[in-house]
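Each chain is listed here by its residues.
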Amino acid sequence: MDGVLSQEEINALLNEPGESAGAAGDNELSASETDAIGEIANISMGTAATTLFSLVNRKVEISTPVVSYATWDDIVDQYERPCVFIRIAYTIGLDGSNILVLRDSDVKIITDLMMGGDGTNTDDELGELHLSAISEAMNQMMGSAATSMSSMLDKKIDISPPRASLVDLADSVDESMIDEFLTGTFVKIAFRMEVGDLIDSEIMQLYPISFARSMCEGVKNNMEKDSDSIKEDVAAPPPAPAAAQPVPQQTQQAQVSQAAPAPAPVPMGGQPMMGQPMMTAPMGQPVNVQPAQFTAFAGGTAGAYSPENIDLIMDVPLNVTVELGRTQKSISDILDLGPGKIIELNKIAGEPIDVLVNGKFVAKGEVVVIEESFGVRITEIVNSAMPSGVIG
């Protein structure tokens, strides 16, 4: 013994695996797999948060996930009781399930917001209504998360309707309500979720280690496939341009003569001669060009439309305004207005008042009283199309 520690002893003291440690065992993930799980959870839960925002109409923020290992005893010691376990099973693309853990108070707030409340009606006991509502919310949230995972794994992923249940986090596991993998070591992904100023708590996703590893394999295979495609695109030479074929001289001349027809004859005045041939066909054949013939317009065409068409707009409402008079005042005069203040108008007493239809001056009249309402008797029509009479 020379008092010098070996590399294996140094690694053991620092809790760092050395070269002799080898690959990760069946009950733990490698460092790259842990990073991949965290990235998958970050993207999928970010999409789920956007869906939750549309359901509760509140700002939803979810922090960066923290990936670790846990056991049932760890969950019992760290999380509040009771809580709600929501089981999400994958039916297409992945074979397995995971569990989302929420506090019962958070479930009550989300349910109240989904039903149009303000999130404060949380006095009732957690019942089937709350569990059904949170199951529907998670169905939409995790469905959108599955869509994000589909793009990461490059295959279709779908889930079955989530099942929510109230769990008291007792020391013994009730296998009828939770999955069997919770009896051993599993992967815990912790988030911090904030919903407006109503919720600020930790939520958890619990994964079996085998299921987490299968997701990592899917992401790895998809990345390798994309990398191979990029390498093939870089290695493939660009297509060679087609060699130009020589064109015989006679063919070139024929193409030029077809593409450029002879110009039409134009007289000295610069206008084409009516009634005379103006063009020659490309192959030398004459083209018969005739002057255009136009039908003379009849003088009574404007009156051909039936006057009954005006009935189509007879029910369109128009705004009728009776203006007693106007004046101009300064800002200081307007600020001095108060009860009992008199405003002098530009109309003289007894002078006809103005009648406007949609803001247009159409008639003059005088004020009359019809039973208990004011009315206007038309005395002069500015537009002859307006009928005369009394507008009440």
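Look up a bit, the structure's there.
Engineer: How should the overall build of the protein chain be read in this particular structure?
Structural biologist: Looking only at helices and strands, the protein chain features 8 helices and 13 strands. Looking at the protein chain as a whole, 29% of its 392 residues are labelled buried. In the protein chain, the proportion of contacts linking residues at least 24 apart, taken out of those at least 6 apart, comes to 58%.

Engineer: How do you make sense of the nonpolar core when you look at a structure like this?
Structural biologist: As a rule of thumb, soluble globular proteins bury nonpolar side chains together. By size, the foremost hydrophobic cluster in this structure holds 51 residues, and its most contacted members are Ile86 and Ile134. If you list the elements that add at least two residues to this core, you get helix H2 (31–56), strand E3 (83–92), strand E4 (96–103), helix H4 (104–114), helix H5 (128–153), strand E7 (186–195), strand E8 (199–207) and helix H6 (209–235). Counting residues per element, this core draws most heavily on H5, which supplies 11 residues. Leave out the neighbours within four places in its chain, and Ile86 touches Asn98, Ile99, Leu100, Leu102, Ile134, Met138, Pro162, Arg163 and Ala164.

Engineer: What exactly am I supposed to notice about a nonpolar patch on the surface here?
Structural biologist: On the surface, a nonpolar cluster with roughly 420 Å² of combined accessible area is contributed by Leu324, Ile334, Leu337, Ile343 and Leu345. Note that Leu324 resides in the loop between strand E9 (320–323) and helix H8 (331–335).

Engineer: For this particular structure, what's the right way to read unusual backbone geometry?
Structural biologist: Negative phi characterises most residues that are not glycine, and trans characterises most peptide bonds. One non-glycine residue with positive phi stands out, namely Asn57, at about 55°. In the Ramachandran plot, Asn358 falls in the positive-phi region, its phi being about 55° despite a non-glycine side chain. For Asn358, the position within the fold is in the loop between strand E10 (353–357) and strand E11 (360–370).

Engineer: Is there a simple way to explain the pairing of E10 in this structure?
Structural biologist: On a regular strand, one side chain projects to one face of the sheet and the next to the other, so that they alternate. With 5 of 5 residues buried, E10 is to be regarded as a mostly interior element. Side chains Ile353, Val355 and Val357 of E10 all project onto a buried face; the interleaved residues Asp354 and Leu356 project onto the opposite face, where all are buried too. Relative to E10, E9 is paired through 4 bridges, and the arrangement is antiparallel. Among the inter-strand pairings, Val320 is bridged to a residue of E10, identified as Val357. Alignment of E10 against E11, held across 5 bridges, turns out to be antiparallel. Across the sheet, the residue bridging to Leu356 is Phe361, located in E11.

Reading the values: rules and limits
By convention here, each chain's residues receive numbers from 1 onward along its written sequence. Only residues with pLDDT of at least 70 are given local features in this predicted model, and only at 80 or more are side-chain atom pairs given and counted; all residues enter the totals for whole chains, interfaces and linings. Side-chain numbers come from the whole structure's heavy atoms, not from hydrogens or water. Per the convention used, a helix needs a DSSP run of H or I reaching at least four residues, while a strand needs a run of E reaching at least two, with both numbered from the N terminus. Categorising residues by exposure relies on relative accessible area from a 1.4 Å probe, with only protein chains included: less than 20% of the type maximum marks a residue as buried, more than 50% marks it as exposed, and the intermediate range marks it as partly exposed. Between two residues, a contact is recorded if the distance between any of their heavy atoms is within 4.5 Å. Throughout, nonpolar core names a set of buried Ala, Val, Leu, Ile, Met, Phe, Trp, Tyr and Cys residues whose side chains join them through atoms within 4.5 Å. Note that patches include only residues with greater than 30% relative accessible area and no salt bridge, and the join distances are 9 Å for like charges and 5 Å for nonpolar side chains (Val, Leu, Ile, Met, Phe, Trp, Tyr). Surface accessibility follows the Shrake-Rupley procedure with a 1.4 Å probe radius. Residue values consider only the protein chains on display as shielding. Any carboxyl oxygen of Asp or Glu that lies within 4 Å of a side-chain nitrogen of Lys or Arg is treated as forming a salt bridge with it. At least two bridges found by DSSP between two strands are what make those strands a pair.

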